[in-house]
Amino acid sequence: MSATSESISAISAAELPRVRVDLWPIWLLLGAMAVALPVIGSFPSWVTLTVAGLAMGMMIFLMASGMTLVFGLMDVLNLGHGAFVSIGAFVGTLVLFPMRAWLQADSVLLNLGVLLAALVVAMLVTGVLGLVFERIVIRPVYGLHLKQILITMGGMIVAEQMILVLWGPQNVTMPQLKAFVGTYVVGGVAIEKFRLIIVVLGLLVFAAMYAVLNRTKAGLLIRAGVENREMVEALGYRVRHLFVGVFMVGSALAGMGGLMWGLYQITVTSAMGSEVLVRVLIVIVIGGMGSVGGCFIGALALALVTNYVGFLAPTWAPLTDILLMVAIIMWRPRGLYPVAKR
């Protein structure tokens, strides 16, 4: 083993915090699902609501994971994150509309191929814009949280206006994937086909993020750079470049989430990013600022509880997000899985 590799291993052993598995948030999520079953009273309705909640939770996770990743690793409060959500949705239309004929074909492979192409293009564009945004807007205000909030909010307003200039003020109706329109009915349980795609995609993204951060050299260097930046740079690694890559990935994930949210909502608007930003922030606070795992559990918990309450007591549904956040903070003031020390 080389001296550099031994040094990195030393950082891992001496500097990085040991991972302690905390199962309470997971048991809380499963407990909420179990309690909802007898209250709803109908197993088919419970399954339908649960699958719908998981799909919504996965979409929220896609949009929130990039923001919590940027804060946890870079200490940057990027409230302009919603702009990348909107841009991802609109850029995706540049692929979906020209290939509408393929989407109208009753072929799973053709539909998935077009969707994958749209996701790749949306992520590439938002990733590159994230690089530009970091260099021009974020870099001058590193470590200055108040200025970060003000300047990134201004960046989101500018981005929304640019979308209006490029795509016009009217709402854009998204084309649908014909092979995934409708529902699967199994034993009286109705499950929308498109929601299954969202669940699978969310699980794949979470698994990939966990594997990269915990099982790769790049993830080790990023986490080591957070804990002891000077030591990592002394070994010859440019932590700034690693963090810029993290910001690009976070922006690309926001673009992916925006496209999936637009397909789910059928219509997209220039303000869709700012509309979901509040929910994204609530999920990040619930999960623990900077925690990818906490963001995942928090997004699922928020979506499931919202669905259950919306079914049982619709008048209380608008307050569900805030009440859940208050309950979690009273239990764990730093969120379900706190990792940020700042």
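Look above for the structure.
Parameters and conventions
- Residues numbered from 1 in each chain as written.
- Predicted model: local features only at pLDDT ≥ 70, side-chain atom pairs only at ≥ 80, totals over all residues.
- Heavy atoms only, no water.
- Axes fitted to C-alpha atoms, helices over the stretch in contact; angles between N-to-C directions.
- Helix = DSSP H or I, 4+ residues; strand = E, 2+ residues; numbered from the N terminus.
- Parallel < 35°, antiparallel > 145°, perpendicular 65-115°, else oblique.
- Left-handed = near helix turned anticlockwise from the far one by under 90°.
- Contact = heavy atoms within 4.5 Å.
- Nonpolar A, V, L, I, M, F, W, Y, C, P; charged D, E, K, R; others polar.
- 1 Å grid on protein atoms, 1.4 Å probe; cavity = no way out; pocket = protein on both sides within 12 Å on 5 of 7 lines; lining within 4 Å.
- Points joined across faces, edges and corners; volume = space filled by probe spheres on them.
- Core = buried A, V, L, I, M, F, W, Y, C linked by side-chain atoms within 4.5 Å.
- Buried < 20%, exposed > 50% of the residue type's maximum accessible area, 1.4 Å probe, protein only.

**Examining the packing of helix 3 (residues 43-74) against helix 11 (residues 239-265)**
- Remark: helix 3 packs on helix 11, axes separated minimally by 8 Å, with the N-to-C direction vectors making an angle of 165°. When the axes of helix 3 and helix 11 are compared, the pair comes out roughly antiparallel. Both helix 3 and helix 11 take part in a crossing whose hand is left-handed. Where helix 3 abuts helix 11, its residues Met56, Met59, Leu62, Met63, Ser65, Gly66, Leu69, Val70, Leu73 and Met74 lie against Phe243, Val246, Phe247, Gly250, Leu253, Ala254, Met256, Gly257, Gly258, Met260, Trp261 and Tyr264.
- The residue makeup of the contact of helix 3 with helix 11, split by class, is 17 nonpolar, five polar and no charged.

**So, the layout of surface pockets**
- As a volume, the second largest pocket reaches approximately 350 Å³.
- Contributing to the lining of the second largest pocket are 18 residues, with Ile87, Leu129, Gly155, Ala159 and Met162 lying nearest its centre.
- Per element, the largest residue contribution to the lining of the second largest pocket is eight residues, and it comes from helix 7 (residues 145-167).
- For the lining of the second largest pocket, a count of residues per class yields 16 nonpolar, two polar and no charged.

**Here's the deal with the nonpolar core**
- The biggest cluster of nonpolar side chains holds 102 residues, and the ones touching the most others in it are Met260 and Leu263.
- The element best represented in this core is helix 3, accounting for 18 residues.
- Here Met260 is in contact with Met59, Leu62, Leu115, Leu119, Phe194, Ile197, Ile198 and Leu201, once residues within four sequence places are set aside.

**A closer look at the packing of helix 2 (residues 24-40) against helix 13 (residues 292-312)**
- In the contact formed by helix 2 and helix 13, the axes pass within 10 Å of each other and the chain directions differ by 15°. Viewed along their axes, helix 2 and helix 13 adopt a mutual orientation that is roughly parallel. With respect to the hand of their crossing, helix 2 and helix 13 are arranged in left-handed fashion. Packed against helix 2, whose contacting residues are Pro25, Ile26, Leu29, Ala32, Met33, Ala36, Val39 and Ile40, the element helix 13 presents Ile297, Leu300, Ala301, Leu304, Tyr308, Phe311 and Leu312 at the interface.
- A per-class count over the contact of helix 2 with helix 13 returns 15 nonpolar, no polar and no charged.

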